[in-house]
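Examination of the molecular architecture
Each chain, letter by letter, is given below.
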Amino acid sequence: MDEEPLIVPEEHAEEAGPGEAANALGAADEMTDPAMRPTTETVCCQFEYSATVDRLSACCHGGAKMAVLAYSLGKREINQYFSIKNAKLLSFTAVVLLIAFHSASRYYGGGDTCEWLLSSGRFLGENVWQPYGCMMHKYKSTEAKFCLSHKSVAFIGDSRIRQLFYSYVKIIYPDYRNEGIKHENIPFEDRASSLNVNFFWYTEVNNSLKEHLQAYIEMSAKPDVIIMGAATWSIKLHSGSSETVLHYKANITAIAPLLETLAVDTEVYWVLQDPVSEELLSESHKMITNEQIDMYNEAAVSALNSSKKNAKARIRFLKASRQAAMETVARSDDGLHVPEGTGDVGAMVMMNAVCNKVLRPIDGSCCQALPATSGLQKLTAIAFLACAAGFLALHVLGYRRQRKSRPPAPVDVECGEEKKKPGSAVAAALNSRGPLLALCKMGLIMAYFYLCDRADVFMKEQKFYTHSTFFIPLIYMFVLGIFYSENSKETKFLNREQTDEWKGWMQLVILIYHISGASAFLPVYMHVRVLVAAYLFQTGYGHFSFFWLKGDFGLYRVCQVLFRLNFLVVVLCLVMDRPYQFYYFVPLVTFWFVVVYATMALWPQIQQKKANASGIWNLGILMKLLGLLVFICVFAYSQVFFESVFSVWPISKLFELKGDIHEWWFRWKLDRFAVIHGMVFAFMYLALQKCQLLSEGKGEPLFSTRVSNFLIFVSVVSFMTYSIWASSCKNKTECNKMHPYISVVQILAFVLIRNIPGYARSLYSSFFAWFGRISLELFICQYHIWLAADTKGILVLVPGNPSLNIIVSTFIFVCVAHEISQITNDLAQVAIPKENGPLLKRMLAMGVFLAVVLLLSRDH
């Protein structure tokens, strides 16, 4: 529950702030027609021109005018060459090339993630190991015991293997102490789990070791895992003699057939020798040099590899611990044994190698086979293929009808283009092809989602938080946002451009928060919780304003909101085989929209016109809000009642995660008052606006100068006070208990600071607003094509260069999110007709579809 939701817009023209609700809503029908929506390029040109005129008119001398003109033209030049259309073409090309590159790399270079885990990696931080190309799960005691239950693990070797044994046992039993007698065998048994982990003291590869392995072969109950290695004693006892290396290789060659025989039914690992710190070695160990160790490692690899005959009888090499030791051996106590943290890395690598295929942790992609494809996933793939076939058929049919049904059109002499429009038959074909084309695009995008997070094509890495990985991108983002500041078309309180800006920068902050793993840093976590509450605040504010001002409680708008919110999530649930609650913020926002709608639509339906006619209706709306507050409190303070309501099928299928309703309870309760705070604030603002107590003209402060200065002072103090409190939090559980009651303080402080000064309302960041308009898609898409392993890790498209990888994956991620936004908007116009008759039929069909999906997934 550490990972926090992102800021999600409902993507409606209807959600404009109340100050501009009438204009935005009056144009809603026009904007839903794709033919009447201005293109991105048109909007950019008009916007840049008006912004330039405004800025030049405000300048007082020629130099300033030239600077502003250069600034605007520079951005226009950027927008001309880096249009979203060109960006999408570039991202599509990049995806095709990356898929080809990674597929070829796995085919020719080896795609065994178990080999990656055991062979190489790097330190992300203090004792935090990152295997090459895959994610390593950090096993807890309960997980290790479950995995190794009724199993036997044997460690065979010298003091270095004994150190690895101690680290391994401490994963299973953290309180274990290193109390074994030196140069003797050490047993460990957990009777509750019926597991045994034993260390056997063998300093050299000799006949004694050979006899021990032969005894294993003759036993009926062989060890399930054997981890062994030895070399330093051979170097020490024979003073680094070159002849000893040959004897060492001959002895390993002699035991290789025994190891191969054991490897048929037992996992066998040979641990390569770690380097030493020659300066720290005692006199009795001075003959053990890194040159000698390299020779012995080469001999072991050569002998064991050359005797390999059977693919099933595979002896694996643990090389990762050696690579980790290269970076840390200088901190060794005696120069021979690695620091304890490095030993823990080797033990955790071994635990992942043994247990990942058993427990299949989502954040342990190493040594894990692909999950089996579910029936719903197969049906979804068939549906997308059927859409592609239908589109191709209509395309061919439309092309043939076009050729047969109309003569050659006259050509415009000046521009060389045909004047006559296609005939009705061709137009019908084109209209039918539109939704199918959108679905075909969606199918291609979903294939990319599947390849990124369900197929074994791209690499994955785990997150690691440092202050620089969070705050440096954050600063860079805000600098870009300021650079793209523009004059706002409206200066009303919380106007549409400002709310888009607000959603945009909050979404970007939380994206950075997620990819940097900043949930590990409590002050950042608490501030992000405020951003989540701020979006729910906007949800209550926007929907209340719409219903209060317009009084439109029709099914059309409700279906539009629900479709735009849930379309992508429903498709992903089918394609990625995840429950609806997995994308928890969409269920949360959907729930609160339904609650706000029910509050306003139930009798008596009250709107501003009615309240203006009779003040008693203002009391009526306050009573409704009070009733909503009681409803929230009843659910919040009775977990048993809450769970009994949401545990009833089919509601439980929407809100359960892994068969449990607790996650939904936690998410809902954490920001339970944010929506009603937004509704009350909207009512207060609209009342003040109606009484003409606000000054919303361009450049004018919202209140009188004295009142404005006082409110800004109080807001700044409140904002800082909350930040100081959040930064002093020591316990996440206790701070989460306080959060629902005090998060509104910082939200209101920000809203007042942003809106009271007239100059602040007159400006907005087009950069942030652009992202705000697609933040729903950014929220959902980041689960699988920017992050990885269901947000637990990071997707790696460009191996070996983390910075370049982030740039490339972010570019593709944003382009995909924008395209999905357009597809959703286009399909919404087809799926949600305005007429009640067709709309009810579509709702019935959708209900049947969802019921079938829930029934098919009931026992999944």
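See above for the structure.
Read on for an overview of the structure. (Residues numbered from 1 in each chain as written. Predicted model: local features only at pLDDT ≥ 70, side-chain atom pairs only at ≥ 80, totals over all residues. Heavy atoms only, no water.)

Counting its regular elements, the protein chain contains 34 helices and 13 strands. The buried share of the protein chain, reckoned over its 860 residues, is 51%. Sequence separation of 24 or more characterises 79% of the internal contacts of the protein chain that already satisfy a separation of 6 or more. When the accessible surface of the protein chain is totalled, it reaches about 39,900 Å², and 62% of it is carbon and sulfur. (Helix = DSSP H or I, 4+ residues; strand = E, 2+ residues; numbered from the N terminus. Buried < 20%, exposed > 50% of the residue type's maximum accessible area, 1.4 Å probe, protein only. Contact = heavy atoms within 4.5 Å. Areas by Shrake-Rupley, 256 points an atom, 1.4 Å probe, with all protein chains shown as cover.)

A separate point is the pairing of strand β4 (residues 186-190). Going residue by residue along β4, you find Ile186, Phe188 and Asp190 tucked away on one face and Pro187 and Glu189 left uncovered on the opposite face. Two elements, β4 and strand β5 (residues 195-201), share five bridges in a ladder whose sense is antiparallel. Paired with Pro187 across the bridge in β5 is Asn198. Here β4 folds back onto β5 in antiparallel fashion, the turn holding four residues, of which Ser194 has a positive phi close to 55°. (Pairing = 2+ DSSP bridges.)

Our next topic: helix α19 (residues 522-550). Here α19 contains 29 residues, and its C-alpha end-to-end distance of 42 Å stays within 8% of the 42 Å for a straight helix at 1.5 Å per residue. Among the residues trailing α19, Gly551 stands out with phi positive, at a value near 65°. (Expected span 1.5 Å × (residues − 1).)

Let's shift gears to the packing of aromatic side chains. The full count for this structure, using the stated rule, is 63 aromatic pairs. Pairing Phe631 with Phe635 gives two aromatic rings, centres 4.7 Å apart and planes at 50°, and the pair type is tilted. You can see Phe631 and its partner Phe635 sitting in helix α23 (residues 616-636), four residues apart, about one turn around the helix. Pairing Phe642 with Phe646 gives two aromatic rings, centres 4.7 Å apart and planes at 40°, and the pair type is tilted. Pair noted here: Phe642 and Phe646 are both in helix α24 (residues 639-646), with a separation of four residues, about one helical turn. Phe646 carries the same exposure label as Phe642, and that label is buried. (Phe/Tyr/Trp six-rings, centres within 6.5 Å; stacked < 30°, edge-to-face > 60°.)

Turning our attention to a nonpolar patch on the surface. Taken together, the side chains of Ile616, Leu619, Leu622, Met623, Leu626, Leu629, Val630, Val634 and Phe641 present a nonpolar region at the surface, about 790 Å² in accessible area. The biggest single contributor to the nonpolar patch is α23, with eight residues. Along the chain, the position of Leu619 falls in helix α23. Assessed through its relative accessible area of 47%, Leu619 is described here as partly exposed. (Patch = residues over 30% accessible without salt bridge, like charges linked within 9 Å, V, L, I, M, F, W, Y side chains within 5 Å. Salt bridge = Lys/Arg side-chain N within 4 Å of Asp/Glu carboxyl O.)

Counting residues in each nonpolar core, the largest one holds 147 residues, and the members touching the most others are Met446, Phe449 and Trp668. Examining the composition of this core, we find that 18 residues originate from one element, α19, more than from any other. If we ignore the near neighbours within four places in the chain, the residues touching Trp668 are Leu588, Phe591, Trp592, Ile632, Phe635, Ala636 and Phe642. If you look at the next biggest cluster of nonpolar residues, it comprises 49 residues, including Phe123, Phe165, Val225 and Met350. (Core = buried A, V, L, I, M, F, W, Y, C linked by side-chain atoms within 4.5 Å.)

So, on to the pairing of strand β8 (residues 315-318). Here β8 shows two buried faces, one formed by Ile315 and Phe317 and the other by Arg316 and Leu318. Where strand β7 (residues 267-271) and β8 come together, four bridges link them in parallel fashion. By the bridge assignment, Val271 is partnered in β8 with Leu318.

One pass over the full model with this rule turns up four disulfides. For Cys114, the disulfide goes to Cys367, at an S-S distance of 1.8 Å. Here Cys114 and Cys367 share a disulfide; its torsion about the S-S bond, 90°, makes the bridge right-handed. Of this pair, Cys114 sits in helix α6 (residues 113-119) while Cys367 is found in the loop between α14 (340-359) and α15 (375-405), placing the two residues 253 residues apart along the sequence. The pair Cys114 / Cys367 is uniform in exposure class, with both members buried. At a sulfur-sulfur separation of 2.1 Å, the disulfide partner of Cys729 is Cys735. (Disulfide = S-S within 2.5 Å.)

All right, on to the environment of Ser194 then. Relative to the helices and strands, Ser194 resides in the loop between β4 and β5. Its relative accessible area of 32% is what places Ser194 among the partly exposed residues. When residues no more than four places from it in sequence are discounted, the contact partners of Ser194 are Ser149, His150 and Lys151.

This next bit is on the sheet that holds strand β12 (residues 787-788). Across the sheet, three strands lie side by side as β9-β13-β12; this open sheet has antiparallel pairing. The open sheet terminates on both sides in strands that have one partner only, identified here as β9 (459-462) and β12. Here β9 runs beside strand β13 (residues 793-796); their pairing, made up of four bridges, is antiparallel. What sits directly across from Met459, in β13, is Val796.

Turning next to the environment of Lys730. Tracing the backbone shows Lys730 in the loop between α28 (705-727) and α29 (732-755). When near neighbours in sequence (up to four residues on either side) are disregarded, Lys730 contacts Leu522 and Cys735.

On to the pattern of salt bridges. Tallied over the full model, the rule gives 21 salt bridges. A salt bridge links Glu461 to Arg122; its shortest N-O distance comes to 3.0 Å. Here Arg122 lies in strand β1 (residues 121-125) and Glu461 lies in strand β9, a separation of 339 residues in the sequence. Here Glu461 falls in the buried class, since its relative accessible area comes to 16%. Between Arg496 and Asp500 there is a salt bridge, and its shortest N-O distance comes to 3.3 Å.

A separate point is the sheet that holds strand β6 (residues 225-229). The strand order across the open sheet formed by six strands is β4-β5-β3-β6-β7-β8, and the pairing between neighbours is mixed. Bordering the open sheet on either side are β4 and β8, each of which pairs with just one other strand. Pairs of neighbouring strands in the sheet enclose a mean axial angle of 15°, with direction left out of account. In this sheet, β5 lies alongside strand β3 (residues 152-157) in parallel orientation, the contact comprising six bridges. Residue Ser152 lies in a different strand from β5, and its bridge partner there is Asn196. Along the sheet, helix α12 (residues 290-306) contacts β7 and β8; its crossing angle with β8, the most-contacted strand, is approximately 160°. (Axes fitted to C-alpha atoms, helices over the stretch in contact; angles between N-to-C directions.)

A word on the packing of helix α26 (residues 662-670) against α29. Relative to each other, α26 and α29 sit at 45°, their axes nearing to 9 Å. Between α26 and α29, the interaxial angle falls into the category oblique. Across from Phe666, Lys669 and Leu670 in α26, the residues of α29 making contact are Asn736, His739 and Pro740. Residues belonging to the contact of α26 with α29 are distributed by class as follows: three nonpolar, two polar and one charged. (Parallel < 35°, antiparallel > 145°, perpendicular 65-115°, else oblique. Nonpolar A, V, L, I, M, F, W, Y, C, P; charged D, E, K, R; others polar.)

Okay, the environment of Leu124 next. Note on placement: Leu124 falls in strand β1. Given a relative accessible area of 24%, Leu124 falls into the partly exposed group. Taking the C-alpha atoms as reference points, Leu124 and Thr466, 342 residues apart in sequence, are found 9.7 Å from one another. Excluding anything up to four places from it in sequence, Leu124 contacts Gln130, Gln462 and Phe464.

Let's shift gears to unusual backbone geometry. Geometrically, the link from Trp603 to Pro604 is a cis peptide bond, its omega value of -5° lying close to zero. Cis geometry marks the peptide bond from Trp649 to Pro650, where omega comes out at 10°. Note that Pro650 resides in the loop between α24 and α25 (651-655). Positive phi outside glycine occurs at His183, with the angle close to 65°. Its location among the elements puts His183 in the loop between α8 (159-172) and β4. The class for His183 is partly exposed, based on a relative accessible area of 44%. A positive phi is found at Arg360, a non-glycine position, where the angle reads about 50°. Within the secondary structure, Arg360 sits in the loop between α14 and α15.

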